[in-house]
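# Commentary on secondary and tertiary structure
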Amino acid sequence: MNTVTTAAELKSIVNNFRSQGKIIGFVPTMGALHQGHISLVKRAKSECNVVISSIFVNPTQFNDKKDLEKYPRTYNKDAEMLQNVTCDILFYPSEKEIYPEPDTRVFDFGNLGNVMEGSQRPGHFNGVAQVVSRLFNIVQPHKAYFGEKDFQQLAIIKQLVKQLSITVQIIPCPTLREADGLAMSSRNVRLSPEERKAAPLIAQTLFKVKELYATKTIKELSTFAKQQIGTQKLMELEYFEIVNATTLQPADTKGAAGENVACIALRMGSTRLIDNIIL
Ligand code: PAF
């Protein structure tokens, strides 16, 4: 695996591959890799000739400075995991390399950006849009892979590439879960043993909501989910919403399979976790 730290070098490598007709796959990450990330790299490997993954903890998407400071940084382990899965290129830029000057762009994703994570974490998606558009500009991938765990982020990125007319195919990839159902996340390592033990209730609640979906109303399902989470004193619910999977607005009808998605965000101590299930 070739590790590249500058945008100029990466652009020149990519131009060379592109001129040979190679398909470039891209997996952007903030490091602290787990098997969920690795599954994205594997998928990219199966569909592309060259796979590039980036590790960059993007400061502009953290609305909470403490969260940025506490974000796990495990570069050596990450690089080894990428090497083991035969990722071709690791892009590991400095902050100056990505933001030679502060990015003052303000994006407007309309209602997609106002709900759920958008309302809980002001500025978060603007920062995601800033970094992802910059990374796409440097990496120039044909295909980019994102996990469905960050369902709203995926919707925003699809909208971003439309707005900026970026010719990249966005490939959504299923959430990977631990054996007890907990969605894999870089933040899971921050849970105390007691919190980690309680955390599978999130996925269990979502699975149950899916099971009950055919027979209960949306309101009943929301009440049920909120009650379930309310039984765990270590959890502080931020939101549980059943939304349309395309518009992310609250669902008023059930529609066909896959039309809606149940999304949840909560805090356990100082750790914030999100998850979702497509209904
Ligand atoms: O999902 C993430 O890890 C980040 O939001 C991303 C897409 C790498 C942008 O920093």
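In what follows, the structure referred to is the one given above.
Treat the numbers as computed from the prediction; the structure is a model and nothing was measured.

### Quick word on the overall build of the protein chain
- Scanning the protein chain from terminus to terminus reveals 12 helices and 9 strands.
- Entry remark: accessible area of the protein chain is about 13,100 Å², with carbon and sulfur atoms responsible for 50%.
- In the protein chain, 33 positive and 28 negative side-chain charges are present, and the distance between their average locations comes to 2 Å.

### Thoughts on the packing of helix α8 (residues 124–139) against helix α9 (residues 151–163)
- The contact between α8 and α9 brings their axes to 10 Å, and the two run at 55°. Our classification of the angle between α8 and α9 gives oblique. When you trace α8 past α9, the crossing you get is right-handed. In this structure, α8 contributes F125, V128, A129, V132, S133 and F136 to the contact, and α9 contributes Q152, Q153, I156, I157, L160 and V161.
- For the contact of α8 with α9, the class distribution of residues is 9 nonpolar, 3 polar and no charged.

### Some details on the site of the ligand
- Taken together, P28, T29, M30, Q61, V131, F146 and Q153 are the residues near the ligand.
- Contact between the ligand and Q61: an oxygen atom at 2.6 Å from a side-chain N or O atom of the residue.
- Interatomic distance of 2.7 Å between a side-chain N/O atom of Q153 and an oxygen atom of the ligand.
- Protein contact buries 89% of the 290 Å² of open area that the ligand shows by itself.
- Classifying every residue of the shell around the ligand gives 4 nonpolar, 3 polar and no charged.

### Some details on the sheet that holds strand β8 (residues 260–268)
- If you walk across this open sheet you meet the 3 strands as β7-β8-β9, and the pairing is antiparallel. In this open sheet, the two edge strands, each paired with only one partner strand, are β7 (235–244) and β9 (271–278). Recorded for the sheet is a direction-independent mean angle of 15° between the axes of neighbouring strands.
- Strands in contact with helix α11 (residues 201–212) are β7, β8 and β9; relative to β9, the strand with the most contacts, it is inclined by about 20°.
- Where helix α12 (residues 218–230) meets the sheet, its contacts fall on β7 and β8, and the angle it forms with β7 comes to roughly 160°.

### Side note on helix α1 (residues 7–19)
- Over its 13 residues, α1 runs 18 Å from end to end, which matches the ideal 18 Å to within 8%, given 1.5 Å per residue.
- Those residues of α1 lying buried are A7, L10, I13 and V14. Around the axis of α1, the buried residues are gathered within 130° of arc, so they sit on the same side. α1 presents A8 and S19 as exposed residues on the side facing more than 90 degrees away from its buried surface.
- In this structure, the buried side of α1 is in contact with β1 (2–4), β2 (24–29), β3 (50–55), β4 (89–91), α5 (95–98) and α8.
- Residue G21 follows α1 closely and has a positive phi angle near 80°.

### Some thoughts on helix α4 (residues 75–84)
- Those residues of α4 lying buried are D78, A79, M81 and L82. Projected onto a plane normal to the axis of α4, the buried residues spread over an arc of 160° and lie on a single side. Structural note: α4 exposes N76, K77, E80 and N84 on the side pointing more than 90 degrees away from its buried face.
- Against the buried residues of α4 lie α2 (35–47), β3 and β4.

### Notes on the side chain of Q232
- Along the chain, Q232 turns up in the loop between α12 and β7.
- Accessibility expressed as a relative area gives 19% for Q232, which makes it buried.
- Among the polar contacts made by the side chain of Q232, one reaches the main-chain amide nitrogen of L234 at a distance of 3.0 Å.
- Ignoring anything within four residues of it in the chain, the contact list for Q232 reads A198 and L201.

### What about the pairing of β2?
- In terms of residue burial, β2 counts as a mostly covered element, since 6 of its 6 residues are buried.
- Judged by which residues are buried, β2 turns out to be covered on both faces: I24, F26 and P28 on one side and G25, V27 and T29 on the other are all buried.
- Sheet topology places β2 next to β3; 6 bridges connect them, and they run parallel. Counted as the bridge partner of P28 is S54 from β3.
- Between the parallel elements β2 and β3, the chain passes through α2 in a crossover that is right-handed.

About the thresholds
- Residues numbered from 1 in each chain as written.
- Predicted model: local features only at pLDDT ≥ 70, side-chain atom pairs only at ≥ 80, totals over all residues.
- Heavy atoms only, no water.
- Helix = DSSP H or I, 4+ residues; strand = E, 2+ residues; numbered from the N terminus.
- Areas by Shrake-Rupley, 256 points an atom, 1.4 Å probe, with all protein chains shown as cover.
- Lys, Arg positive; Asp, Glu negative; His and termini not counted.
- Charge placed at Lys NZ, Arg CZ, Asp CG, Glu CD.
- Axes fitted to C-alpha atoms, helices over the stretch in contact; angles between N-to-C directions.
- Parallel < 35°, antiparallel > 145°, perpendicular 65-115°, else oblique.
- Left-handed = near helix turned anticlockwise from the far one by under 90°.
- Contact = heavy atoms within 4.5 Å.
- Nonpolar A, V, L, I, M, F, W, Y, C, P; charged D, E, K, R; others polar.
- Near = heavy atom within 4 Å.
- Polar contact = N/O pair within 3.5 Å; in protein donor to acceptor, adjacent residues only side chain to side chain.
- Pairing = 2+ DSSP bridges.
- Expected span 1.5 Å × (residues − 1).
- Buried < 20%, exposed > 50% of the residue type's maximum accessible area, 1.4 Å probe, protein only.
- Arc of directions from axis to C-beta.
- Right-handed = clockwise from strand over helix to strand, strands pointing away.

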